[in-house]
Amino acid sequence: MTASLHPMLNVAIKAARAAGAIINRASLDIEAVRVSQKQSNDFVTEVDHAAEQVIINTRLTAYPQHGILAEESGCERGNQGSDHVWVIDPLDGTTNFIHGFPVYCVSIALQVRGRMEQAVIYDPSRNDLFTATRGRGAFLNERRIRVSKRVRMADCLIATGFPYRPGQDHEQFMKMFMDMMRSTAGVRRPGSAALDLAYVAAGFSDGFFETGLQPWDVAAGSLLVQEAGGLVGNFTGEADFLHAGECLAASPKIYGQMVQMLQKYSRYRADAAAASGS
């Protein structure tokens, strides 16, 4: 695979590894890391900012004409009118990171005219590099990966993320969680949506669902899942998930079964019901 890597994917890998090196150095002395709170239970560290800076600088050096959408700096950098937009989460799983809990990653995706074309998710604590180029498959450390082959929900391990921001509907989430728990072999909450999606792509888990997500949480992971033979959408099974605030990903057979379970909780269904007055 190495010889034929897309040049833009190569730049993304270089940026992700540089950010990972910053994160790994900081992880050796977590107590020294300065932490601030964006809102209740939503943390950002100087490491997030430093990692984002090195990614953006690597991007703009190679492609100064491209746009950027990044978690900490939004759209402040790059060419906002570009067809090429890099969607960056410099440290997905910040709460895990500041506790020394080693489940977090760097997520970088390239969107071209609204479609994801390149994806890199790098787990610096395990040195795992997930990559995908549209139409060329998904890889973990240069080995081709595929979604799992399980077909029964009862055999499946499903990942999720608990709502943690103020105003999110905890009661509704607990209903979803209970439904899923009763129907599967297990539900896991690792704490990094990007890594959860990469694990679905690799077949380490069979599916993933979460609400309250931002585009940078799911951009790279969604392409990994699709290139590994899986499906990604919102809870009603439609392809609109990037700005939907809800995301569901799984192998095709499990995806359909998860949609059956989760569609009643979709905000799209609720919005449609409200619009029709029912």
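Located above this text is the structure these notes cover.
About the criteria used
- Residues numbered from 1 in each chain as written.
- Predicted model: local features only at pLDDT ≥ 70, side-chain atom pairs only at ≥ 80, totals over all residues.
- Heavy atoms only, no water.
- Buried < 20%, exposed > 50% of the residue type's maximum accessible area, 1.4 Å probe, protein only.
- Helix = DSSP H or I, 4+ residues; strand = E, 2+ residues; numbered from the N terminus.
- Pairing = 2+ DSSP bridges.
- Salt bridge = Lys/Arg side-chain N within 4 Å of Asp/Glu carboxyl O.
- Axes fitted to C-alpha atoms, helices over the stretch in contact; angles between N-to-C directions.
- Contact = heavy atoms within 4.5 Å.

### Concerning the pairing of strand E4 (residues 84–92)
Part 1 of the reasoning: Of all nine residues in E4, eight are buried, a share of seventy percent or more.
Part 2 of the reasoning: Pairing between strand E3 (residues 67–70) and E4: four bridges, direction parallel. Bridge assignment links leucine 69 to a residue of E4, and that residue is valine 87.
Part 3 of the reasoning: Note: E4 against strand E5 (residues 105–112), seven bridges, orientation antiparallel. Opposite histidine 84, over in E5, you have valine 112 as the bridge partner.

### Focus: the pattern of salt bridges
Part 1 of the reasoning: Per the stated rule, a full pass over the model turns up eight salt bridges.
Part 2 of the reasoning: For glutamate 117, the salt bridge is made with arginine 115, and the minimal N-O distance between the two is 3.1 Å.
Part 3 of the reasoning: Of the residues examined, arginine 115 reaches a relative accessible area of 46% and is grouped as partly exposed.
Part 4 of the reasoning: Salt-bridge contacts for arginine 150 lead to aspartate 206; the nearest nitrogen and oxygen are separated by 2.9 Å. Within this pair, whereas arginine 150 is found in the loop between strand E9 (143–145) and strand E10 (157–160), its partner aspartate 206 is found in the loop between helix H5 (193–202) and strand E12 (207–211), the two being separated by 56 residues in sequence.
Part 5 of the reasoning: Each of Arg115, Glu117 and Arg134 takes part in a single network of salt bridges with overlapping partners.

### Overview of the sheet that holds strand E14 (residues 246–250)
Part 1 of the reasoning: Taking strand neighbours across the sheet as the criterion, the five strands line up as E11-E10-E12-E14-E13 in an open arrangement whose pairing is mixed. A strand with exactly one partner marks an edge of an open sheet, and here the two such strands are strand E11 (186–188) and strand E13 (231–233). Direction aside, neighbouring strands of the sheet carry axes that sit 15° apart on average.
Part 2 of the reasoning: By the bridge criterion, three bridges tie E10 to E11 in an arrangement that is parallel. The partner of alanine 159 across the bridge, within E11, is arginine 188.

### Brief notes about unusual backbone geometry
Part 1 of the reasoning: The residue asparagine 127 is not glycine, and still its phi comes out positive at about 55°.
Part 2 of the reasoning: Tracing the chain through its elements places asparagine 127 in the loop between strand E6 (115–123) and strand E7 (128–133).
Part 3 of the reasoning: A relative accessible area of 42% places asparagine 127 in the partly exposed class.
Part 4 of the reasoning: In this structure, glutamate 142 takes a positive phi of about 70° despite not being glycine.
Part 5 of the reasoning: With respect to the element layout, glutamate 142 can be found in the loop between strand E8 (138–140) and E9.

### Here's the deal with the sheet that holds E7
Part 1 of the reasoning: With respect to topology, seven strands assemble into an open sheet ordered E3-E4-E5-E6-E7-E8-E9, the strand pairing being mixed. The open sheet has two edge strands, E3 and E9, and neither has a second partner. Each strand axis lies, on average, 20° off the axis of its neighbour in the sheet, ignoring direction.
Part 2 of the reasoning: Strand direction decides the pairing type here: E6 and E7, joined by six bridges, are antiparallel. Across the sheet, valine 120 pairs through a bridge with threonine 131, a residue of E7.
Part 3 of the reasoning: Helix H2 (residues 46–62) rests against E3, E4 and E5 of the sheet, and its axis sits at about 155° to E4.

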